[in-house]
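Listed here are the chains, written in short residue letters.
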Amino acid sequence: MTKDMTVGNPLKLMIFFSIPLLIGNVFQQLYNMVDAIIVGNTLGVDALAAVGATGSINFLVLGFATGITSGFAVPIAQSFGARDYDELRHRVAMSIILSVFITIITTIASVLGTKAMLQVMKTPENIFKDAELFIKIIYWGIVATMAYNMAAGILRALGDSKTPLYFLVLSSILNVILDYVFILAFHTGVEGAAYATVISQAVSAICCIVYIIKKFPILHLKRKDFTFKVSTAMRLFSVGLPMALQFSVTAIGVMVLQSAINLQGSAVVGAYTAASKVEQLSTQPMVTLGTTMATYCGQNLGAGRYDRIKDGMKYATWLCIGTAIFAIVVVIFGGEMIVRLFVSNPTEEVLQAADTYLSIIAPFFPFLSFLFLYRNALQGVGLSIIPLCAGVAEFFTRIAVAMFLANGVYKVICLASPFAWVAAAVMLWVRYFMYHKELKQKTEDSVSLEM
């Protein structure tokens, strides 16, 4: 079912769109969390560290896939808001063509470059083999990731945030079952967790595609829709590539941070992995709000409803503050409990390292929340260059702190991400403040024309 976000109460629309999206994001995190929990409790802390050591290079590649498909969805949302359904179908068809091409290139490059990336990151020798095996399987499954994100992005662009949730719940349950089957029944080791993730992702992708074919007549594509137009490709890439590169640049910064963590030894790597899962889970409302505002702003820009963009961002600002408070509460009161889910009988060193990281990053969550809000809002209205520049700012800040200022001190290394959030959030806020003034003028102009 499509959802037109250009009419109705903005706050109500955002909340009802966000709820299934939030549940879906949490279930998507469960993909990785269940892998980590089962691996950590059945195969040990070194196996957990092996999976965790691949997190940043996983984000590098799969983040690019998520970014490019999310970017393609923005012009689709704008076409839907403008009610130009012929152009909408053409943009969907072109997105499919471009996604197939990107999937092939990304898969080949990622699989061939796996060993080199792990070496550059100084992955500890005792976990190197398992880490390489795990991430290569994930990379061979990029096609499933691309297919799901493209299908889910199209559905969300049309205002349907519920359907991707239903299929994510299904695939998450399947992921848990397959984890136990592969690791405990077949004794496959860490590669079993990777197989479970890829298969589950493929199931959710297939379900989304079948649903679109059966339930969305507006998306029934014809041969003419697949006519390649350079102008459409350029339009899609103009939004998609900066978003993808922004993810990748951020991921490279995370890789630098991970390489600094790796030098601390496998126990700290395991602790950092578990603490990162706590961070990712607690910040999902921030991610959700950002995704919601990308769709909301995209549809209203297409409809020329500049007043609604301005009003919606006012409500989103208060929601943003609420998500930051929620994340801080989860980390403070539930951080250690969640960490213990990942490692059976954790040592004092592991618990202390995890607590140190969480205690340092929690006060900076408001900056992270505003980062997600402004970045997605700007991308939703087609201003994707500044979010890319903010990603570059994150990158250099992480490098400066983790590699040059920390000097191997773990507590300083933990400050790398928070300082990066501040640098990016400030840049994005300044650009949005400028855009806010532009919106005010456009709103006044549209009112004058109506009169």
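Whatever comes next refers back to the structure up there.
The rules behind each value
Residues numbered from 1 in each chain as written. Predicted model: local features only at pLDDT ≥ 70, side-chain atom pairs only at ≥ 80, totals over all residues. Heavy atoms only, no water. Helix = DSSP H or I, 4+ residues; strand = E, 2+ residues; numbered from the N terminus. Rg over C-alpha atoms; globule rule 2.2 N^0.38 Å. Contact = heavy atoms within 4.5 Å. Areas by Shrake-Rupley, 256 points an atom, 1.4 Å probe, with all protein chains shown as cover. Phe/Tyr/Trp six-rings, centres within 6.5 Å; stacked < 30°, edge-to-face > 60°. Buried < 20%, exposed > 50% of the residue type's maximum accessible area, 1.4 Å probe, protein only. Salt bridge = Lys/Arg side-chain N within 4 Å of Asp/Glu carboxyl O. Axes fitted to C-alpha atoms, helices over the stretch in contact; angles between N-to-C directions. Parallel < 35°, antiparallel > 145°, perpendicular 65-115°, else oblique. Left-handed = near helix turned anticlockwise from the far one by under 90°. Nonpolar A, V, L, I, M, F, W, Y, C, P; charged D, E, K, R; others polar. Core = buried A, V, L, I, M, F, W, Y, C linked by side-chain atoms within 4.5 Å. Expected span 1.5 Å × (residues − 1). Bend = angle between axes of the 7 residues up to and from the residue. Disulfide = S-S within 2.5 Å.

(A) Quick look at the overall build of the chain. The secondary structure content of the chain amounts to 17 helices and zero strands. Here the chain has a C-alpha radius of gyration of 21 Å; the compact-globule value for 451 residues is 22 Å, and the two agree. Dimensions of the chain, computed from C-alpha atoms along their principal axes, come out at roughly 70 × 45 × 35 Å. In the chain, 83% of the contacts between residues at least 6 apart in sequence involve partners at least 24 apart. Accessible surface, the chain as shown: approximately 18,500 Å² in total, 69% of it carbon and sulfur.

(B) Main features of the packing of aromatic side chains. Tallied over the entire structure, the rule returns 14 aromatic pairs. Measuring from ring centre to ring centre gives 6.0 Å for Phe-72 and Phe-237, while their planes differ by 65 degrees; the resulting arrangement is edge-to-face. Residue Phe-72 is located in helix H3 (residues 55–81), and its partner Phe-237 is located in helix H9 (residues 230–262); the two are separated by 165 residues in the primary sequence. Phe-237 gets classed as partly exposed once you look at its relative accessible area, which sits at 23%. Put simply, the rings of Phe-370, Tyr-374, Tyr-432 and Tyr-435 pair up and form one aromatic cluster.

(C) Representation of unusual backbone geometry. In this structure, Arg-83 takes a positive phi of about 60 degrees despite not being glycine. Along the chain, Arg-83 falls in the loop between H3 and helix H4 (85–120). For Arg-83, a relative accessible area of 45% corresponds to the partly exposed category. One non-glycine residue, His-187, lies in the positive phi region at around 55 degrees. With respect to the helices and strands, the residue His-187 is situated in the loop between helix H7 (162–185) and helix H8 (190–215).

(D) Fine view of the pattern of salt bridges. For the structure shown, the criterion picks out seven salt bridges. With its nearest N and O atoms 3.7 Å apart, the salt bridge here joins Lys-136 to Glu-132. Of this pair, Lys-136 and Glu-132 are both found in helix H5 (residues 125–140), four residues apart, which corresponds to roughly one turn of the helix. Relative accessible area serves as the criterion here: at 17%, Glu-132 is assigned to the buried category.

(E) A look at the packing of H5 against H8. Packing of H5 against H8 brings their axes to within 8 Å, and their N-to-C directions diverge by 15 degrees. Relative to H8, the element H5 is oriented roughly parallel. Considering the relative orientation of H5 and H8, their crossing is right-handed. Seen from H5, the contacting residues are Asp-130, Leu-133, Phe-134, Ile-137 and Ile-138; seen from H8, they are Val-190, Glu-191, Ala-193, Ala-194, Tyr-195, Thr-197 and Val-198. A breakdown of the residues in the contact of H5 with H8 according to their chemical character gives nine nonpolar, one polar and two charged.

(F) Region of interest: the nonpolar core. Leu-158, Leu-219, Met-293 and Phe-365 are the most contacted members of the largest nonpolar core, which has 129 residues in total. If we ignore the near neighbours within four places in the chain, the residues touching Leu-219 are Leu-88, Arg-89, Val-92, Ile-154, Leu-158 and Ile-212.

(G) Highlighting H3. The terminal C-alpha atoms of H3 lie 36 Å apart, and with 27 residues this matches the ideal 39 Å at 1.5 Å per residue to within 8%. Along H3, the helix axis deviates most sharply at Leu-62, where the bend reaches about 30 degrees. Immediately beyond the C-terminal end of H3, within one or two residues, lies Arg-83, with a positive phi of roughly 60 degrees.

(H) Inspection of the packing of helix H10 (residues 266–282) against helix H13 (residues 348–361) at higher detail. Two elements in contact, H10 and H13, have axes separated by 8 Å at closest approach and are oriented at 45 degrees. As summarised for this structure, H10 and H13 are arranged oblique, according to the angle between their axes. Of the two elements, H10 crosses H13, and the hand of that crossing is right-handed. Residues Ala-267, Val-268, Ala-271, Tyr-272, Ala-275, Ser-276, Val-278 and Glu-279 of H10 form the contact with H13, whose own contacting residues are Glu-349, Val-350, Ala-353, Ala-354, Tyr-357, Leu-358 and Ile-361. When its residues are assigned to classes, the contact of H10 with H13 shows twelve nonpolar, one polar and two charged.

(I) A look at the state of the cysteines. Counted under the stated rule, the structure contains zero disulfides. Free cysteine Cys-207: the closest other cysteine sulfur is in Cys-208, separated by 7.3 Å.

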